[in-house]
Amino acid sequence: MDLSRTPARRWLSPVPWGFALLAAASSLTYGGDHAVNAWASTNLANMGDHPVEALITSAFLFGADPWAYLRSIALAGAILAFLVIRFGNVRAVALIAAGQVLGTLVSEGLLAARIAAGQADPALRTALDVGPSYVIVSALAAVAVAGARRWHRWTALAALAVRAPHITSGLTTLGVTPVGHVTALSTGMLLAWGPRSSDARHLHRLTLRAAPLQTEERTNGRALST
């Protein structure tokens, strides 16, 4: 498939715009509700009680001041659209789900280990941790590595560069959020690089198969001309 000529209808996919609309609606409705945010938080307490519900719900809550994040919601929709254009709906959802799940499991797992070793405050087990940042970061990384068009890749790279200070802030102290960001970033890159490498190998095989046929056609053409 020619990735540079993906059908325009993929821009209308329900995945990116459904995510953006649901995130905007849930944030405007429940963004300031402490009880909802506390229940949806992907902290150690909730991951031990209702992990699936927390992992899903937290990805659609942008925080207590959702109006300040509407631009981020729009960016998330655009980046997810780029992701769907490149990978299709199912693979795009699988990729961002992997970023959300692995980002949470690695960061919270590391926190649990540090608490057990006496290196972190046990009160962090119930810390508030909501938001779609792992989803967005994994999508940005995937598009930057294997976007269908060059301007998709450059847009994702620029967004990552702008967000880099936020993504890595606190990483040296093994903070939950930066560890999760780096994990989600790595997940997006690795999952996107695999299909890209596979496409390159497939194209190389097709080229090798076509070469003898082209040589034969040229030879037959010269023979006929004589």
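Predicted model only: the values in this text are computed from it and were never measured. Positions within a chain are numbered from 1, following the residues in the order the chain's sequence is written. At least 70 in pLDDT is required for a residue's local features to be given in this predicted model, at least 80 for side-chain atom pairs to be given and counted, and no such filter applies to totals for whole chains, interfaces and linings, which use all residues. Side-chain metrics in this entry use all non-hydrogen atoms of the structure; hydrogen atoms and water are not considered.

> How should I be thinking about the environment of Gly147 in this particular structure?
Along the chain, Gly147 falls in the loop between helix 6 (133-146) and helix 7 (150-168). Working definition: with a 1.4 Å probe on protein chains only, accessible area under 20% of the residue-type maximum means buried, over 50% means exposed, and in between means partly exposed. With a relative accessible area of 7%, Gly147 lands in the buried category. Spatially, the C-alpha atoms of Gly147 and Phe87 are 8.9 Å apart, while their sequence positions differ by 60 residues. In this description a helix means any DSSP run of H or I spanning at least four residues, a strand means any run of E spanning at least two, and both kinds are numbered starting from the N terminus.

> In this structure, what is going on with the packing of aromatic side chains? I would like to understand it.
Aromatic rings in a pair are described by how distant their centres are and how their planes are angled relative to each other. Each pair of aromatic rings taken from Phe, Tyr and Trp, with Trp reduced to its six-membered ring, is defined by centres within 6.5 Å and is described as stacked if the planes are under 30 degrees apart, edge-to-face if over 60, and tilted in the remaining cases. Counted under the stated rule, the structure contains two aromatic pairs. Aromatic side chains Phe19 and Phe60 sit 5.1 Å apart centroid to centroid with 45 degrees between the ring planes, which places their arrangement in the tilted category. In this pair, Phe19 sits in helix 1 (residues 14-30) while Phe60 sits in the loop between helix 4 (51-58) and helix 5 (70-116), placing the two residues 41 residues apart along the sequence. The pair Phe19 / Phe60 is uniform in exposure class, with both members buried. Pairing Phe82 with Trp151 gives two aromatic rings, centres 5.3 Å apart and planes at 85 degrees, and the pair type is edge-to-face. You can see Phe82 sitting in helix 5 and its partner Trp151 sitting in helix 7, a full 69 residues away along the chain. Accessibility expressed as a relative area gives 4% for Phe82, which makes it buried.

> What is the right way to read the nonpolar core from this model?
Proteins that are soluble and globular tend to have nonpolar side chains buried together. Within this scheme, the nonpolar core is defined by two criteria: the residues are buried Ala, Val, Leu, Ile, Met, Phe, Trp, Tyr or Cys, and they are joined through side-chain atoms within 4.5 Å. Core analysis: the largest hydrophobic core is formed by 41 residues, its most contacted members being Phe19, Leu83, Phe87 and Leu140. No other element matches helix 5, which puts 13 residues into this core. Among all residues touching Leu140, those that are not within four sequence positions of it are Ile79, Ala156, Ala159, Leu160 and Arg163. Only heavy atoms matter for contacts: two residues are in contact if any of them lie within 4.5 Å across the pair.

> Which parts of the structure should I look at to understand unusual backbone geometry?
For residues that are not glycine, phi is negative in most cases, and the peptide bond is trans in most cases. In this structure, Leu174 is a non-glycine residue whose phi angle is positive, near 60 degrees. You can see Leu174 is positioned in the loop between helix 7 and helix 8 (176-225).

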